[in-house]
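# Coordinate analysis (summary)
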Amino acid sequence: SQKIEQNSEALNIQEGKTATLTCNYTNYSPAYLQWYRQDPGRGPVFLLLIRENEKEKRKERLKVTFDTTLKQSLFHITASQPADSATYLCALESGGSNYKLTFGKGTLLTVNP
Amino acid sequence: SQTIHQWPATLVQPVGSPLSLECTVEGTSNPNLYWYRQAAGRGLQLLFYSVGIGQISSEVPQNLSASRPQDRQFILSSKKLLLSDSGFYLCARGADANTGELFFGEGSRLTVL
């Protein structure tokens, strides 16, 4: 079965620095990969989707890369702010036509002022 | 609109009692709907998904069941709760264009004592 690992359970950085979160997966070749943000006690919120034929995608201060050879995605937040503090989840499509997603456990990012 | 309503937001139930969590969604008709559970220290686990009224697919064998009596209504139930059913239950819908991303509700936190 497919396995997703988000290497850090928690990451602490200083405001203004770039946060880099890692998502690795095994036993599968997904057609796309997604990143979500989850605040405490809330549902996840979709951030970005990157397809297997895309190397990089950007949205404002966010950048996602997708290396299908390494089976890895990197999620970057540039010029980080305390408001970026949250848990970030990586998700892979699970195959089939019903858009099922398999999620990693997430990385808790804390941006210190 | 991708608004998703879940209720109740929180509940505490004794072991062996029944459960009913409701989810209603707004937006276009015939959305893909999903129930996920997030237990402490674990990632989001897909429990059920539905591609239409009365069509339910179960992802993992468990003490729970799901129903979709109306196009925009998705219900999660149990006849007898177990301690292990405690968790944060999230309803989600697929994007209208079926482009892969999910939109989540605010969740229902269940504690079984």
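First, a word on scope: everything that follows refers to the structure included in this document.

Cut-offs applied
Residues numbered from 1 in each chain as written. Chains lettered and ligands numbered in written order. Predicted model: local features only at pLDDT ≥ 70, side-chain atom pairs only at ≥ 80, totals over all residues. Heavy atoms only, no water. Contact = heavy atoms within 4.5 Å. Buried area = accessible area lost by both parts, 1.4 Å probe. Salt bridge = Lys/Arg side-chain N within 4 Å of Asp/Glu carboxyl O. Polar contact = N/O pair within 3.5 Å; in protein donor to acceptor, adjacent residues only side chain to side chain. Helix = DSSP H or I, 4+ residues; strand = E, 2+ residues; numbered from the N terminus. Nonpolar A, V, L, I, M, F, W, Y, C, P; charged D, E, K, R; others polar. Pairing = 2+ DSSP bridges. Axes fitted to C-alpha atoms, helices over the stretch in contact; angles between N-to-C directions. Core = buried A, V, L, I, M, F, W, Y, C linked by side-chain atoms within 4.5 Å. Buried < 20%, exposed > 50% of the residue type's maximum accessible area, 1.4 Å probe, protein only.

This next bit is on the interface of chain A and chain B. Contact with chain A, which involves 19 residues of that partner, is made by 22 residues of chain B. Here chain A and chain B share an interface that buries about 1700 Å² over both sides, 52% of which is from carbon and sulfur atoms. Scanning the region where chain A abuts chain B turns up two salt bridges. As a salt-bridge pair, B:Glu59 and A:Lys100 come within 3.4 Å of each other at their nearest N and O atoms. Our count for the chain A to chain B interface comes out at six residue pairs in polar contact (both at pLDDT 80 or more). Within the residue set of the side of chain A that touches chain B, elements represented by two or more residues are β4 (32–38), β5 (45–51) and β10 (101–103) of chain A. With four residues, the single largest contributor to the side of chain A that touches chain B is β4(A). A breakdown of the residues in the side of chain A that touches chain B according to their chemical character gives nine nonpolar, six polar and four charged.

All names here are of chain B. One open sheet accounts for four strands, arranged β1-β3-β8-β7; its pairing is antiparallel. In the strand order of this sheet, the two ends are held by β1 (4–7) and β7 (65–70), each with one partner. Going from strand to strand, the sheet's axes swing by 20° on average, the running direction of each strand aside. Bridge count for β1 against strand β3 (residues 19–25) is four bridges, and the pairing is antiparallel. Its bridge partner lying in β3, histidine 5 is registered against threonine 24.

Among the nonpolar cores identified, the biggest contains 22 residues, and A:Leu33, A:Trp35, A:Phe75, A:Ile77, A:Tyr88 and A:Leu109 are the most heavily contacted of them. Looking at this core, the elements that each hand over two or more residues are β3 (19–26), β4, β5, β7 (62–67), β8 (72–77), β9 (86–93) and β11 (107–112) of chain A. The next biggest cluster of nonpolar side chains, apart from the first, holds 19 residues, and it includes B:Cys23, B:Leu33, B:Ala66 and B:Leu81.

With that settled, the discussion passes to the side chain of B:Ser50. All names here are of chain B. One can find serine 50 in strand β5 (residues 44–52). By relative accessible area, serine 50 is classed as buried at 0%. Here the side chain of serine 50 touches arginine 68 through a polar contact of 3.1 Å, side chain to side chain. Dropping the residues within four chain positions of it, serine 50 is found in contact with Pro31, Asn32, Leu33, Gln55, Ile56, Arg68 and Phe74.

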